[in-house]
Amino acid sequence: MTYKNIVITGGAGFIGSHVVRRFVKQYPDTMIWNLDKLTYAGNLENLKDIDQSPNYRFIKADITDAALMDQLFETHQFDGVIHLAAESHVDRSISHPMEFVMTNVVGTVNLLNAARKIWNGHFENKLFYHVSTDEVYGELGDEGKFLETTPYSPNSPYSASKASSDHFVRAYHHTYGLPIKISNCSNNYGANHFPEKLIPLMINNIMNKKPLPVYGKGENVRDWLFVEDHATAIDAIFHRGNIGETFNIGGNNEWKNIDLVRLLCRVMDTKLGRSEGESEQLITFVGDRAGHDFRYAIDSGKLMRELGWQPSVTFEQGLEKTVDWYLANQEWLGHVTSGAYKAYYDNMYTNR
Ligand code: NAD
Ligand code: DAU
């Protein structure tokens, strides 16, 4: 199926920018509209290599503005939606839950309503694709993996807001027949990742010889996926997945936080010509995250079997590419760590 006008929400963010780039390059006959409010996490610098492409346009807009969403869908006749815009950081959701309700829940329902109105029951060649997280399934113990059939059990305000948005998307399919797809992905890493999240925060701090704040004992486990492989999975699901279905996306790549931070220290000591073990001395155990989920792990078997998706890089290759990108893009880091983010960082890690 080909689309004329695909709107990608949150396209100036970390994952969204990789999805926009992939779609602009892969589908030159489709207009790709990047709709983003440009919060602290949105950065058009992420897209400067493709922003002059004839099939790319940017719209600065807030998805919590229902009237504006209706108007934009009417004006541009979007036939495909890939919805990534969200407040995405768990720690921020603990201090400011209402922002997560507004963007992640209300914003999603506004987009569903706008699509439903403009498509008006003519659902052929239309698609609303909602990008979600594995955190909706709650936490795992030492064993097992999340399947598409795992019951929802979100634990943080962030994951509760994402779970709620998933339920609304599914309900619009069941009730109104809206053509939808949902994917639930594990932790991403790669270029353009805002340095409030574990991997880019540690890379930034190692570079600057600042303390490396590991929550609790560092025993919590995450399943890491290279962001460009998330973008290829979204492309495969968007174009070839069955309507109404959910797909889990993961890296089959579990790491305890402390082991991952130690690995990053070793990789960066080599790259920076530092002595062996130098950066590990920066590791500082700090107070744990409230309600910190112990372990996430994704079973991506359905996506691999049904759509033939495979990650393109090993974790070692992906991590090396990521570290190299941050070392080569210190100007990008400087821009995003100035101003408001600096105040957030000082507040978050002082007296923790
Ligand atoms: P991000 O925080 O880097 O980017 C979010 C983007 O959404 C930013 O560009 C921001 O400006 C925009 N935005 C926020 N509020 C908005 C609003 N009200 N209106 C319009 N735009 C708004 O997030 P990310 O890490 O790239 O995550 C993108 C999506 O993928 C989210 O839905 C997230 O839940 C999901 N996800 C993330 C991960 C991960 O590891 N980062 C994993 C699985 C799923
Ligand atoms: O699982 C998918 C989710 O992954 C996405 O839905 C979220 O948008 C994304 O932010 C991410 O959530 P996490 O909470 O897992 O990611 P974060 O990078 O914040 O933390 C990863 C782990 O590292 C977690 O166990 C907390 C820990 N941590 C994090 C930070 C920022 C630390 O130990 N120290 C830190 O300074």
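Before any of the text, the structure's been laid out above.
Source: prediction; values computed, not measured. (Residues numbered from 1 in each chain as written. Chains lettered and ligands numbered in written order. Predicted model: local features only at pLDDT ≥ 70, side-chain atom pairs only at ≥ 80, totals over all residues. Heavy atoms only, no water.)

Draft legend 1. Molecular detail of the sheet that holds strand 7 (residues 187–189). Taken in spatial order, the 3 strands line up as 7-9-11 in an open sheet, and their pairing is mixed. Looking along the sheet, the strands with just one partner apiece sit at the ends: strand 7 and strand 11 (254–256). Neighbouring strand axes in the sheet, compared pairwise and without regard to direction, differ in orientation by 50° on average. For strand 9 (residues 221–226) and strand 11, the ladder comprises 3 bridges, and the chain directions are antiparallel. Looking at strand 11, one finds that Val221 is bridged to Lys256. Relative to the sheet, helix 7 (residues 227–240) contacts strand 7 and strand 9, its axis offset from that of strand 9 by approximately 70°. (Pairing = 2+ DSSP bridges. Helix = DSSP H or I, 4+ residues; strand = E, 2+ residues; numbered from the N terminus. Axes fitted to C-alpha atoms, helices over the stretch in contact; angles between N-to-C directions. Contact = heavy atoms within 4.5 Å.)

Draft legend 2. Layout of the site of ligand 1. The local shell around ligand 1 holds 29 residues, among which Ile15, Asp36, Ser88, Tyr158 and Lys162 are the closest. Between Thr103 and ligand 1, the recorded distance is 3.2 Å, taken from a side-chain N or O atom to a nitrogen atom. In the complex, 97% of the free accessible area of ligand 1, which totals 830 Å², lies under the protein chains. Broken down by secondary-structure element, the contributors of at least two residues to the shell around ligand 1 are helix 1 (14–26), strand 5 (127–133), helix 5 (157–176) and strand 7. Per-element accounting of the shell around ligand 1 gives the leading share, 3 residues, to strand 5. Grouping the amino acids of the shell around ligand 1 by side-chain chemistry returns 13 nonpolar, 11 polar and 5 charged. (Near = heavy atom within 4 Å. Polar contact = N/O pair within 3.5 Å; in protein donor to acceptor, adjacent residues only side chain to side chain. Areas by Shrake-Rupley, 256 points an atom, 1.4 Å probe, with all protein chains shown as cover. Nonpolar A, V, L, I, M, F, W, Y, C, P; charged D, E, K, R; others polar.)

Draft legend 3. How the structure looks around the nonpolar core. Ile199, Ile203, Leu212, Leu264 and Phe315 are the most contacted members of the largest nonpolar core, which has 36 residues in total. Listing elements by their share of this core, those giving two or more residues are helix 6 (198–207), strand 8 (212–215), strand 9, helix 8 (257–271), strand 12 (283–286), helix 10 (315–328), helix 11 (330–337) and helix 12 (340–349). The element contributing the most residues to this core is helix 8, with 7 residues. Ignoring anything within four residues of it in the chain, the contact list for Phe315 reads Tyr189, Trp224, Asn253, Trp255, Leu260 and Leu263. In this structure, Val20, Phe23, Ile82 and Phe238 belong to the second largest nonpolar core, which totals 29 residues. (Core = buried A, V, L, I, M, F, W, Y, C linked by side-chain atoms within 4.5 Å. Buried < 20%, exposed > 50% of the residue type's maximum accessible area, 1.4 Å probe, protein only.)

Draft legend 4. Structural context of the packing of aromatic side chains. Summed over all chains, the structure comprises 18 aromatic pairs. Their ring planes at 50° and their centres at 5.3 Å tell us that Phe23 and Tyr27 sit as a pair that is tilted. With a relative accessible area of 21%, Tyr27 lands in the partly exposed category. Aromatic rings pair up to connect Tyr3, Phe23, Tyr27, Tyr129 and Phe238 into one cluster. (Phe/Tyr/Trp six-rings, centres within 6.5 Å; stacked < 30°, edge-to-face > 60°.)

Draft legend 5. Spotlight on helix 10. Taking 1.5 Å of rise per residue, 14 residues should cover 20 Å, and helix 10 covers 20 Å from first to last C-alpha, within 8% of that figure. Residues of helix 10 that are buried: Phe315, Gly318, Leu319, Thr322, Val323 and Tyr326. Each buried residue of helix 10 lies within a common arc of 130° when the element is viewed along its axis, so the set occupies one face. Residues of helix 10 that are exposed and angled more than 90 degrees away from the buried face: Glu316 and Ala328. Lining the buried residues of helix 10 we find strand 7, helix 6, strand 9, strand 11, helix 8 and helix 11. (Expected span 1.5 Å × (residues − 1). Arc of directions from axis to C-beta.)

Draft legend 6. Structural context of the site of ligand 2. As a matter of local geometry, ligand 2 sits amid 23 residues, with Asp134, Tyr158, Arg289, His292 and Tyr349 nearest to it. With respect to ligand 2, the backbone of Leu198 contributes an N or O atom lying 2.8 Å from an oxygen atom. At 2.6 Å from an oxygen atom of ligand 2 is found a side-chain nitrogen or oxygen belonging to Tyr349. In the complex, the protein chains occlude 95% of the 690 Å² of accessible area that ligand 2 would expose alone. At 3 residues, the largest contribution of residues to the shell around ligand 2 is made by strand 8. Tallied by class, the residues present in the shell around ligand 2 amount to 9 nonpolar, 8 polar and 6 charged.

Limitation: the analysis is restricted to geometry and does not speak to function.
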